[in-house]
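Coordinate analysis (summary)
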Amino acid sequence: MSLLGSKKGDEQANVELGEQKVRRGQGGETHQVAGGDVPVLTTQQGAPVADDQNSLKAGTRGPTLLEDHHLREKIFHFDHERIPERVVHARGFGVHGYFETYESLADITCADLFARAGQRTEAFVRFSTVAGNKGSFDLARDVRGFAVKLYTRQGNWDLVGNNIPVFFVQDAIKFPDMVHAAKQEPDRGFPQAQTAHDNFWDFISLMPESIHMALWIMSDRTIPRSFRFIEGFGVHTFRLINAEGKSTFVKFHWKPKLGMQSVVWNEAVKINGADPDYHRRDLWQAIDMDDYPEWELGLQLFDDAFADRFDFDVLDSTKIIPEEELPVRRVGRLVLNRNVDNFFAETEQVAFCTGNIVPGIDFTNDPLLQGRNFSYLDTQLKRLGSPNFTHLPINAPKCPWAHFQQDGHMAFHNPKGRVNYEPNSWGGAAGGPREDPEKGLRSYPERIEGEKRRLRAESFADHYSQARQFYLSQTKTEQGHIASAFIFELSKCDREEIRARVVSHLVNVDEFLAKEVAAGLRLKEMPKPADAARPTRMDLKPSPALSIIANGPKSFKGRKLGLLLSDGVSGEIVTAVQAAAKAEGALVEIVTPKVGGVMTDGGTLIEGDQKLDGGPSVLYDAVAVLLSAEGAAMLCKHPVARDFVADAYAHCKFIAYTAEALPLFEKAGVASDMDEGFFLLTAATDPAGFIMACRELRLWNREAKLMK
Ligand code: HDE
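Numbers given to residues run from 1 along each chain, matching the order in which its sequence is written. Whole-chain, interface and lining totals are the exception, using all residues; otherwise, since this is a predicted model, local features are given only for residues with pLDDT of at least 70 and side-chain atom pairs are given and counted only at 80 or more. Each side-chain value is derived from all of the structure's non-hydrogen atoms; neither hydrogens nor water enter the calculation.

**A closer look at the coordination of the iron atom of the ligand**
We count it as follows: Any N, O or S atom lying within 2.8 Å of the metal counts as a donor, with the limit raised to 3.2 Å for Na, K and Ca; because water is left out of the atom set, some sites can appear incomplete. The helix and strand labels rest on DSSP assignments: H or I over at least four residues marks a helix, E over at least two residues marks a strand, and numbering proceeds from the N terminus.
Exactly one donor from the protein chain reaches the iron atom of the ligand: Tyr 376 (OH), at 1.8 Å. Tracing the chain through its elements places Tyr 376 in helix α10 (residues 367–384).

**A few points about the environment of Val 358**
Heads up, the condition is: Relative accessibility decides the category of a residue: with a 1.4 Å probe and only protein chains considered, values under 20% of the type maximum give buried, values over 50% give exposed, and everything between is partly exposed. Here, two residues are considered to be in contact whenever any of their heavy atoms come within 4.5 Å of each other.
Among the secondary structure elements, Val 358 is positioned in the loop between α9 (343–348) and β14 (361–362). Looking at Val 358, the relative accessible area reads 1%, which means it is buried. Separated by 70 residues in sequence, Val 358 and Asp 288 have C-alpha atoms that sit 32 Å apart. The contact partners of Val 358, leaving out residues within four places of it in the chain, are Ala 111, Thr 152, Gln 154, Gly 155, Asn 156, Trp 157 and Leu 441.

**Looking at the packing of aromatic side chains**
Quick reminder of the rule: Pairing of aromatic rings covers Phe, Tyr and Trp, the last through its six-membered ring, and needs centres within 6.5 Å; plane angles under 30 degrees mean stacked, over 60 mean edge-to-face, and all others mean tilted.
Under the criterion given, the structure shown has 27 aromatic pairs. Taken together, a centroid distance of 6.0 Å and an interplanar angle of 5° make the contact between Phe 146 and Trp 254 stacked. Pair noted here: Phe 146 is in strand β7 (residues 144–152) and Trp 254 is in strand β11 (residues 247–256), with a separation of 108 residues, a long-range link. When its relative accessible area of 1% is taken as the criterion, Phe 146 is described as buried. According to the relative accessible area criterion, Trp 254 is buried, its value standing at 2%. Ring centres 5.9 Å apart and planes at 40° place the aromatic pair Tyr 649 and Phe 678 in the tilted group.

**Some points on the site of the ligand**
As a reminder, the rule being used: When at least one non-hydrogen atom of a residue lies within 4 Å of a molecule or strand, that residue is treated as near it. Whenever two N or O atoms come within 3.5 Å, that pair is a polar contact, provided that in protein one can donate a hydrogen and the other can accept it, and provided that, for residues adjacent in sequence, both atoms are side-chain atoms.
The immediate surroundings of the ligand are formed by 23 residues, with Arg 86, Arg 126, Arg 372, Tyr 376 and Gln 380 found nearest. One of the side-chain nitrogen or oxygen atoms of His 89 is found 3.4 Å away from a nitrogen atom of the ligand. For the shell around the ligand, the secondary-structure elements that each account for two or more residues are β7, β8 (155–162) and α10. Broken down by element, the residue count for the shell around the ligand peaks at 6 residues, all from α10.

**What to know about the confidence of the model for the protein**
As a reminder of what qualifies: What pLDDT expresses is the predictor's confidence in each residue, scored from 0 to 100.
Looking at the protein as a whole, its pLDDT mean stands at 95, while 96% of the residues score no less than 70. Mean pLDDT across the secondary structure elements of the protein bottoms out at helix α1 (residues 2–5), with 34, and peaks at β7, with 99. Counting interchain partners and residues more than four positions distant, the pLDDT-below-50 stretch residues 1–26 has 46 contacts.

**Description of the sheet that holds strand β19 (residues 610–611)**
What links the strands of a sheet is backbone hydrogen bonding, and the strands pair in either a parallel or an antiparallel sense. For clarity, the cut-off: When DSSP finds two or more bridges between a pair of strands, those strands are recorded as paired. Angular values range over 0 to 180 degrees, each being the angle between N-to-C directions of two axes fitted as lines to C-alpha atoms, with helices fitted over their stretch in contact.
One open sheet accounts for 6 strands, arranged β19-β16-β15-β20-β21-β22; its pairing is parallel. Since the sheet does not close on itself, it has two edges, and those belong to β19 and β22 (678–680), each with one partner. Bridging between strand β15 (residues 560–565) and strand β20 (residues 622–626) involves 5 bridges; their strand directions are parallel. The residue of β20 that forms the bridge with Leu 565 is Leu 626. Contacts from helix α15 (residues 571–584) reach β15, β16 (587–592) and β20, with the element oriented near 175° to β15. Along the sheet, helix α17 (residues 639–650) contacts β15, β16, β20, β21 (655–657) and β22; its crossing angle with β20, the most-contacted strand, is approximately 145°.

**Topic: the pairing of strand β10 (residues 238–241)**
Burial of the side chains of β10 extends over both faces: Phe 238 and Leu 240 are buried on one face and Arg 239 and Ile 241 on the other. Across 4 bridges, β10 lies against β11 in antiparallel orientation. Within β11, the residue paired with Arg 239 across the bridge is Phe 249. Here β10 folds back onto β11 in antiparallel fashion, the turn holding 5 residues, of which Gly 245 has a positive phi close to 85°.

**Some words on the side chain of Asn 133**
Here Asn 133 shows up in the loop between β6 (120–129) and β7. A polar contact of 3.5 Å, which involves the side chain of Asn 133, links it to the side chain of Lys 183. When neighbours within four sequence positions are excluded, Asn 133 is seen to be in contact with Glu 85, Ala 90, Arg 91, Lys 183, Gln 184 and Gln 192.

**Quick look at the nonpolar core**
The criterion, for reference: In plain words, nonpolar cores are sets of buried Ala, Val, Leu, Ile, Met, Phe, Trp, Tyr and Cys residues tied together by side-chain atoms within 4.5 Å.
Formed by 50 residues in total, the largest nonpolar core has its most connected members in Phe 168, Trp 201, Leu 215, Phe 486 and Val 517. The set of elements that each furnish at least two residues to this core consists of α3 (175–182), α4 (198–205), α5 (211–217), α11 (465–472), α12 (476–491), α13 (496–509) and α14 (511–521). The contacts of Leu 215, once residues within four sequence positions are left out, are Ala 467, Phe 470, Tyr 471, Ile 482, Phe 486, Leu 506, Val 509 and Leu 513.

**With respect to the packing of α13 against α14**
The test is simple: Put simply, angles under 35 degrees are roughly parallel, angles over 145 are roughly antiparallel, angles from 65 to 115 are roughly perpendicular, and the rest are oblique. For any pair of crossing helices, the crossing counts as left-handed if the nearer helix is rotated counterclockwise from the farther one by less than a right angle, and right-handed if it is rotated clockwise. For this classification, the nonpolar set comprises Ala, Val, Leu, Ile, Met, Phe, Trp, Tyr, Cys and Pro, the charged set comprises Asp, Glu, Lys and Arg, and every other residue, Gly included, is treated as polar.
Two numbers describe how α13 lies on α14: the axes approach to 7 Å, and their chain directions differ by 160°. As summarised for this structure, α13 and α14 are arranged roughly antiparallel, according to the angle between their axes. Taken as a pair, α13 and α14 cross one another with a handedness that is left-handed. Residue-level inspection shows Arg 499, Val 503, Leu 506 and Val 507 of α13 in contact with α14, the latter providing Glu 511, Leu 513, Ala 514, Val 517, Ala 518 and Leu 521. Tallied by class, the residues present in the contact of α13 with α14 amount to 8 nonpolar, no polar and 2 charged.

**Regarding the side chain of Gln 469**
Along the chain, the position of Gln 469 falls in helix α11. Once residues within four sequence positions are removed from consideration, Gln 469 is found in contact with Pro 322, Leu 540, Lys 541 and Pro 542.

Listed below in structure tokens is the structure:
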């Protein structure tokens, strides 16, 4: 407190200290330095420190003295700075925002946050990868966590979801096996942040229930361009309960207003080298520039009758309910508008628990959800070290709370007064809080009966039909990406029988896909189909909502244009491109051979945001190569400049250029392939046409040409 609590005008005495003046005051001490007052450095106990450069020694070259408490305290604290990282979802990035309800949902839930149109609820969202450790790179091929804490007036509600609507396993008891198999192998400690290794695919190939998820993770969903462009899903079926106690089943969706977008695999691999913090930097930058990403909360609502007639069990987390069969009703928006002040205090210490629900929301018997409800509280105790982790500001409810829980490590809020138990006869306010049967959280009185057994329901037995439906719902381009991803991942498995076993499951999904993967791996023979508990259904209609490309935003808003410039470039063209991008709501970054910038033909200095080798084209959604003839001649000699152009082309990006830049395209080997994705800019051209083309995000038919 004393560090922050110093106030101007509190001073009681001034002391000269070298060039600085020290003021003493009730709120702590401050130094007057150029630029204002800064607090005096203190120990944790608040004692001012005179020398923070040298430890206390006996003689100038003698041993350090035990009595140097400042040294001891400083090193002690440093030694204890780390807390255990999350066992999964270790690498994450959190931001603040709010949720706004569009209309009252009182007919279906008594949850206060949905009670009134326009009501705002504070929110904290943490995005994450799953398998990588805390220091891993952002663009691993992985599921993204999408965990939302809503600080409602009736307590905190945590909707701890992913960017994929299904999961690997049906029962919580298989979760530790699945995570062990996915993370680094235990003997060697690698590979990390990737599933491309034997243990993972060995497990998947022995768990047919995971095949639907395997299709999703081999799709472009796991290499998103930005957290801002991903969907979120609550995955499980939950219940909404209204004031009369009526229950409605619900599946939760988050729909990004900027639309979905992913990168291609070769790009992901390169981005991880160029900027391992690509996703967090992107989100941080957008919020920092007041360009707040938004999602709409969507609900799929249904009753028992729908659940009974639906093709699959709604308690099975390896299944979706296609949007075409049960539309998503959009009921509010989530706006992320504030970066954290401190990563550790907020992003690292935030503790999500699926058990945190509020009146009006309830669980179902999904066996995965039931296991999660146990796990999250447990993991928070391990990570944060005390049952009082709810006292940390990021975890504390923002509504009043009152209970008799007390003591424990770091208890900041023990109940006041004499009474710490219930029932008691102290009466009135002295008696402390009492339960409220009307407003309190009540479980839905679902009728349950049955034998106590370790069984998997028969209704969970179809493992391939929805995997096939997902595959057939993708565009040809996306189907190609899925096949390539399987080939890549399985090529990293040393044991050939694991590769073959995975393909044996793909035969049950789609023969064409299985053949493509088998050919890509050069398997000696086509494996027989894996034994299936249920035959694959051929009658499920494709769900167009599942494709990323078919549902593109048709906008370049929120995307990034990279401008590669050289000295002597036409200032007029640069200004026009910048203006057109701005009008579209896109961001422009300037890439220059030297970070100090380039001089235009008119003698204006344009500063660089990135030096060329720090700003490869993989970091941008589209590029403009605007060079003078001398600039092009100079850049032709640089492999990095050639890669800039060749990669942009190979990754199907739209490319604008000045005629003078052509020699660089020739050197990069793309001059003879310039297609409708290339835009020649002259002082007379309106670059709006180029930006309009960028709304397609990528020229996918180029990929088909490249693969031939
Ligand atoms: Fe998690 N999961 N999980 N999970 N999960 C954790 O809790 C667990 C599952 C998800 O940003 C852990 O605080 C079990 C499904 C997210 O802090 C842990 C099972 C879904 C996050 C845990 C699941 C998720 C976690 C580790 C199977 C999507 C990150 C650290 C029964 C709906 C939250 C922590 C954050 C984190 C357990 C399955 C999403 C160990 C036992 C399904 C987004 O408690």
